[in-house]
Amino acid sequence: LAKTTQPISMDSYEGQEVNITCSHNNIATNDYITWYQQFPSQGPRFIIQGYKTKVTNEVASLFIPADRKSSTLSLPRVSLSDTAVYYCLVGGDNQGGKLIFGQGTELSVKP
Amino acid sequence: SQTIHQWPATLVQPVGSPLSLECTVEGTSNPNLYWYRQAAGRGLQLLFYSVGIGQISSEVPQNLSASRPQDRQFILSSKKLLLSDSGFYLCAWSGDRGYEKLFFGSGTQLSVL
């Protein structure tokens, strides 16, 4: 299983772009990278997923370099409501269903 | 559309009492099912996962057990709760491919006193 490493916490201000990087040095060929957002007392919810290069949806972008040993979640123009914990999860068909979360990054957005 | 139901939302139990948390999924078949636990201010700890009926993989030995009596039902149990079992318990499901998204239930806040 690919172990993930993220910063424990980050601070930002409203309107800024936030980039959270996740390291996954032993990612397997078949693994995908998925990011989740969690608010207190709620289950995590899916934000974005990618395999390589860049993926963009209505809420975020995901940048994955060619070696795939890291990935960066980019949140454009954050607001106070983006204050949450963000997790990257690496998983693929070769894990037999086992999905282990890393420690996550606690993002605090200030006015 | 698929939905996941988890209950109860909160539970207060004395030490040594039994536990049964139930999770059901609708709108899909043969999902992978998961139980995670989250201590206050901590990350998500994988407890059990199941890729099919009767197939349970355990990540945390302790005094918890899980069962999958039906395709879309996942139950977390304990015969005797410990103080350390307190936490936020989350059930989740995904498709049967390892890279598919996880969808979480609303969680159960368990306090063991």
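Above: the structure in question.
Just so you know, these numbers come straight off a predicted model, no measurement behind them.

What counts, and where the lines are drawn
Residues numbered from 1 in each chain as written. Chains lettered and ligands numbered in written order. Predicted model: local features only at pLDDT ≥ 70, side-chain atom pairs only at ≥ 80, totals over all residues. Heavy atoms only, no water. Disulfide = S-S within 2.5 Å. Helix = DSSP H or I, 4+ residues; strand = E, 2+ residues; numbered from the N terminus. Contact = heavy atoms within 4.5 Å. Pairing = 2+ DSSP bridges. Axes fitted to C-alpha atoms, helices over the stretch in contact; angles between N-to-C directions. Phe/Tyr/Trp six-rings, centres within 6.5 Å; stacked < 30°, edge-to-face > 60°. Buried < 20%, exposed > 50% of the residue type's maximum accessible area, 1.4 Å probe, protein only. Lys NZ or Arg CZ within 6 Å of the ring centre and 35° of its normal.

S.K.: Hey, could you run me through the state of the cysteines in this one?
M.R.: Structurally, a disulfide amounts to a covalent bond that connects the sulfur atoms of two cysteines. Residue and element names in this part refer to chain A. In the structure shown here, the tally under the stated rule is two disulfides over all chains. Two residues, Cys22 and Cys88, share a disulfide whose sulfurs are 1.7 Å apart. Within this pair, whereas Cys22 is found in strand 2 (residues 18–23), its partner Cys88 is found in strand 8 (residues 84–91), the two being separated by 66 residues in sequence.

S.K.: Even after reading the chapter, I still don't get the environment of Phe39 of chain A, so can you show me in this structure?
M.R.: Residue and element names in this part refer to chain A. Note that Phe39 resides in the loop between strand 3 (32–38) and strand 4 (45–50). Distance in space between the C-alpha atoms of Phe39 and Ser9 is 14 Å, their sequence separation being 30 residues. If sequence neighbours within four positions are ignored, Phe39 has contacts with Arg45, Ser81, Thr83 and Ala84.

S.K.: Please explain the sheet that holds strand 9 (residues 105–110) of chain A as it appears in this structure.
M.R.: All names here are of chain A. Strand order in this open sheet of five strands is 1-9-8-3-4, and the pairing throughout is mixed. If you trace the sheet from one side to the other, it starts and ends with strand 1 (9–13) and strand 4, each paired once. With direction set aside, neighbouring strand axes in the sheet form an average angle of 25°. The pairing of strand 1 with strand 9 spans five bridges and is parallel. Bridged to Met10 within strand 9 is Leu107.

S.K.: I tried to follow the packing of aromatic side chains on my own but got confused; where do I start?
M.R.: When we look at a pair of aromatic rings, we describe it by the centre distance and by the angle of the planes. Tallied over the full model, the rule gives twelve aromatic pairs over all chains. When the centroid spacing of 6.3 Å and the interplanar angle of 80° are considered together, the rings of Tyr36 of chain A and Phe46 of chain A count as edge-to-face. Residue Tyr36 of chain A is found in strand 3, and its partner Phe46 of chain A is found in strand 4; the two are separated by ten residues along the sequence. For Phe46 of chain A, a relative accessible area of 27% translates into the label partly exposed. Taken together, the ring pairs connect Tyr36, Phe46, Tyr87 and Phe101 of chain A together with Tyr34, Tyr36, Tyr49 and Phe104 of chain B into an aromatic cluster. Over the ring of Tyr51 of chain A we find Arg68 of chain A; its NZ or CZ atom is 4.0 Å from the centre of that ring. When the ring centre of Phe46 of chain A is taken as origin, the NZ or CZ atom of Lys101 of chain B, which lies over that ring, is 4.4 Å away.

S.K.: Looking at this structure, how should I read the sheet that holds strand 5 (residues 53–56) of chain A?
M.R.: Whenever strands of a sheet pair, they do so through backbone hydrogen bonds, lying parallel or antiparallel. Residue and element names in this part refer to chain A. Spatially, the four strands line up as an open sheet ordered 2-7-6-5, and their pairing is antiparallel. Lying at the two open borders of the sheet, with one neighbouring strand each, are strand 2 and strand 5. Averaged over neighbouring strand pairs, the angle between their axes works out to 15° when direction is ignored. In the sheet, strand 6 (residues 61–64) pairs with strand 7 (residues 70–75) via three bridges, with the strands oriented antiparallel. Counted as the bridge partner of Leu62 is Leu73 from strand 7.

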